[in-house]
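Each chain, letter by letter, is given below.
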Amino acid sequence: MKRRTFLATLAATPLLPTLAQAAPLDYAPGLINERIDAGETVFLDYKASWCTTCAAQERVLDALKAENPAYEANITFINIDWDTWARTEVVSSLNVVRRSTLIAIGPDRREIGRIVAGTGRDEIKALMDAALAVASA
């Protein structure tokens, strides 16, 4: 192994747990309850690949996560594909009326807040900050 490769690999090693957490989880039945039962704060992102509002929200979420690693370190982000899950209990039980809905839920199962079709950085940051406050309490 070349020295540069070794040093780069060595420097990146502490980041491996962070990188593993970085990607949002894709929803599967039972995942939300499993994570909440484990004491986690969850951030649900109801989205569709073709939705421009969802894409705008995702750009803001990604930028905020990049600015503040504490979000991903303390909050479990879960993507819920609207085209797959729109007519199921994960949508109806939380009264989600459309894609591009963001919901934060604390480990006590109480809704921290939600945004429907909002793409403003300040609005999304406020919801993420509220979720982080609950997760860090």
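Scroll up to find the structure.
The paragraphs below set out a description of the structure included in this document. (Residues numbered from 1 in each chain as written. Predicted model: local features only at pLDDT ≥ 70, side-chain atom pairs only at ≥ 80, totals over all residues. Heavy atoms only, no water.)

**Considerations on the packing of aromatic side chains**
The following threshold applies: Here a Phe, Tyr or Trp ring, Trp counted by its six-membered ring, pairs with any other such ring whose centre lies within 6.5 Å, and the pair is stacked when the planes are under 30 degrees apart, edge-to-face when over 60, and tilted otherwise. What counts as a helix is a DSSP run of H or I of at least four residues, what counts as a strand is a run of E of at least two, and both are numbered from the N terminus. Between buried and exposed lies partly exposed: a residue is buried under 20% and exposed over 50% of the maximum accessible area for its type, with that area taken using a 1.4 Å probe on protein chains only. Lysine NZ or arginine CZ positioned within 6 Å of the ring centre and within 35 degrees of the ring normal marks a charge as sitting over the ring.
Within the structure shown, the criterion is met by two aromatic pairs. Seen from their ring centres, F43 and F77 are 5.1 Å apart, and the 45° between their planes marks the pair as tilted. Of this pair, F43 sits in strand β2 (residues 41–47) while F77 sits in strand β3 (residues 75–81); the two residues are 34 residues apart in sequence, bridging distant segments of the chain. The exposure class of F77 is buried, given its relative accessible area of 7%. Lying over the aromatic face of F77, K65 brings its terminal NZ or CZ to 4.1 Å of the ring centre.

**Observations concerning helix α4 (residues 52–67)**
What counts, and what does not: Helix span, as expected, comes to 1.5 Å for every residue beyond the first. The directions considered for the arc are those from the helix axis to the C-beta atoms. Here, two residues are considered to be in contact whenever any of their heavy atoms come within 4.5 Å of each other.
Between the first and last C-alpha of α4 there are 23 Å, a value that for 16 residues agrees with the 22 Å anticipated at 1.5 Å per step. For α4, the complete set of buried residues consists of C54, A56, Q57, V60, L61, L64 and K65. For α4, the buried positions fall inside an angular range of 170° around the axis, keeping them on one side. Residues of α4 that are exposed and angled more than 90 degrees away from the buried face: T52, R59, A66 and E67. Contact partners of the buried residues in α4: β2, α5 (70–74), β3, β4 (101–105), β5 (111–116) and α8 (121–136).

**Some thoughts on unusual backbone geometry**
Peptide bonds are mostly trans, and most non-glycine residues show a negative phi. Within the chain, R109 stands out as a residue other than glycine whose phi angle is a positive 70°. Residue R109 is classed as partly exposed on the basis of its relative accessible area, which comes to 42%. Positive phi values are uncommon outside glycine, yet A117 reaches one of about 65°. Residue placement: A117 occurs in the loop between β5 and α8. A residue is classified by how much of its surface remains accessible, and A117, at 30% relative accessible area, is partly exposed.

**Focus on the packing of α4 against α8**
Selection criterion: Only the contacting stretch of a helix is used when fitting its axis, a line to C-alpha atoms as for every element, and angles between N-to-C directions run 0 to 180 degrees. Here the angle decides the label: under 35 degrees means roughly parallel, over 145 means roughly antiparallel, 65 to 115 means roughly perpendicular, and every other value means oblique. Here a crossing is called left-handed whenever its near helix is offset anticlockwise from the far helix by less than a right angle, and right-handed whenever the offset is clockwise. Three classes are used, and their members are as follows: Ala, Val, Leu, Ile, Met, Phe, Trp, Tyr, Cys and Pro are nonpolar, Asp, Glu, Lys and Arg are charged, and the others, Gly among them, are polar.
Packing of α4 against α8 leaves a shortest axis separation of 10 Å and a crossing angle of 55°. One element, α4, and the other, α8, form an angle in the oblique class. Between α4 and α8 lies a crossing of right-handed hand. Here α4 contributes Q57, V60, L61, L64, K65 and E67 to the contact with α8, which in turn contributes R121, I124, K125 and M128. For the contact of α4 with α8, a count of residues per class yields five nonpolar, one polar and four charged.

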